[in-house]
Amino acid sequence: MSAGFGMGGFSSMMFTIVPIFITVIFVLVVGGIILTVVRGIGTWSKNNASPRLTVSAQVVTKRTQVSHHHHQDSMSHTSTAYYATFQVESGDRMEFSVSGAEYGMLAEGDQGSLTFQGTRYLGFERS
């Protein structure tokens, strides 16, 4: 008799390993989704607990982030996220996600009043 795995040993090992592998992948995916949801709720809650502040600020830079999404039916979708960075009187800089309309209204160098709550951008009014 040979000392290796025969075909029967290999297939029985596969029937043991494959379900374990699928279970581990499932647990990792579900765990990642739960972690993302918990972080999102934590950020939302922290922002709601933060005071609404209005401070003097200057728009120092703007940027976009374009994402391409490809679907199985060969259709593709592009989305753009808009960001603006503001510098306050203390010299600190804060970057906020802004809407496309708001992004279009902001120009680098604009001075005014920035209103925010935690990491949530609420508005900018030029002075």
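Scroll up for the structure.
1. Structural notes on the nonpolar core
And step 1. Counting residues in each nonpolar core, the largest one holds 13 residues, and the members touching the most others are Phe86, Phe96, Leu106, Leu114, Tyr121 and Phe124.
And step 2. Of all the secondary-structure elements, those providing two or more residues to this core are strand E1 (52-70), strand E2 (76-88), strand E3 (93-98), strand E4 (111-117) and strand E5 (120-126).
And step 3. Take this core: its biggest share by element is three residues, from E2.
And step 4. Beyond its immediate stretch of four places on either side in the chain, Tyr121 contacts Phe86, Phe96, Ser97, Val98, Glu102, Leu106, Leu114, Thr115 and Phe116.

2. Observations regarding the side chain of Ser50
And step 1. Residue placement: Ser50 occurs in the loop between helix H1 (7-49) and E1.
And step 2. For Ser50, the side chain forms a polar contact with the main-chain oxygen of Lys46, separated by 2.9 Å.
And step 3. Excluding residues that lie within four positions of it along the chain, Ser50 makes contacts with Gln117 and Gly118.

3. Observations regarding the pattern of salt bridges
And step 1. Using the criterion set out here, one finds two salt bridges in the structure.
And step 2. Here Arg63 makes a salt bridge to Glu95, at a shortest N to O gap of 2.7 Å. In this pair, Arg63 is assigned in strand E1 and Glu95 in strand E3, connecting sequence segments 32 residues apart.
And step 3. Glu95 sits in the partly exposed class, given a relative accessible area of 40%.
And step 4. Close ionic contact of Arg126 with Asp110 constitutes a salt bridge, the shortest N to O distance being 2.9 Å. Here Asp110 lies in the loop between helix H2 (100-105) and E4 and Arg126 lies in strand E5, a separation of 16 residues in the sequence.
And step 5. On the accessibility criterion, Arg126 (41% relative accessible area) is partly exposed.
And step 6. Taking the relative accessible area as the measure of exposure, Asp110 reaches 13% and is therefore buried.

4. Here we look at the pairing of E4
And step 1. Counted residue by residue, E4 has five buried out of seven residues, so it is predominantly covered.
And step 2. Pairing analysis gives seven bridges linking E1 to E4, with the strands arranged antiparallel. Bridging across to E4, Gln58 finds its partner in Gln111.
And step 3. Of the strand pairs in this sheet, E4 and E5 are connected by six bridges, and their pairing is antiparallel. Across the sheet, residue Leu114 finds its bridge partner in E5, namely Phe124.
And step 4. Adjacent in sequence and paired antiparallel, E4 and E5 are bridged by two residues, among which Gly118 carries a positive phi angle near 65°.

So, how was this worked out
Residues numbered from 1 in each chain as written. Predicted model: local features only at pLDDT ≥ 70, side-chain atom pairs only at ≥ 80, totals over all residues. Heavy atoms only, no water. Core = buried A, V, L, I, M, F, W, Y, C linked by side-chain atoms within 4.5 Å. Buried < 20%, exposed > 50% of the residue type's maximum accessible area, 1.4 Å probe, protein only. Helix = DSSP H or I, 4+ residues; strand = E, 2+ residues; numbered from the N terminus. Contact = heavy atoms within 4.5 Å. Polar contact = N/O pair within 3.5 Å; in protein donor to acceptor, adjacent residues only side chain to side chain. Salt bridge = Lys/Arg side-chain N within 4 Å of Asp/Glu carboxyl O. Pairing = 2+ DSSP bridges.

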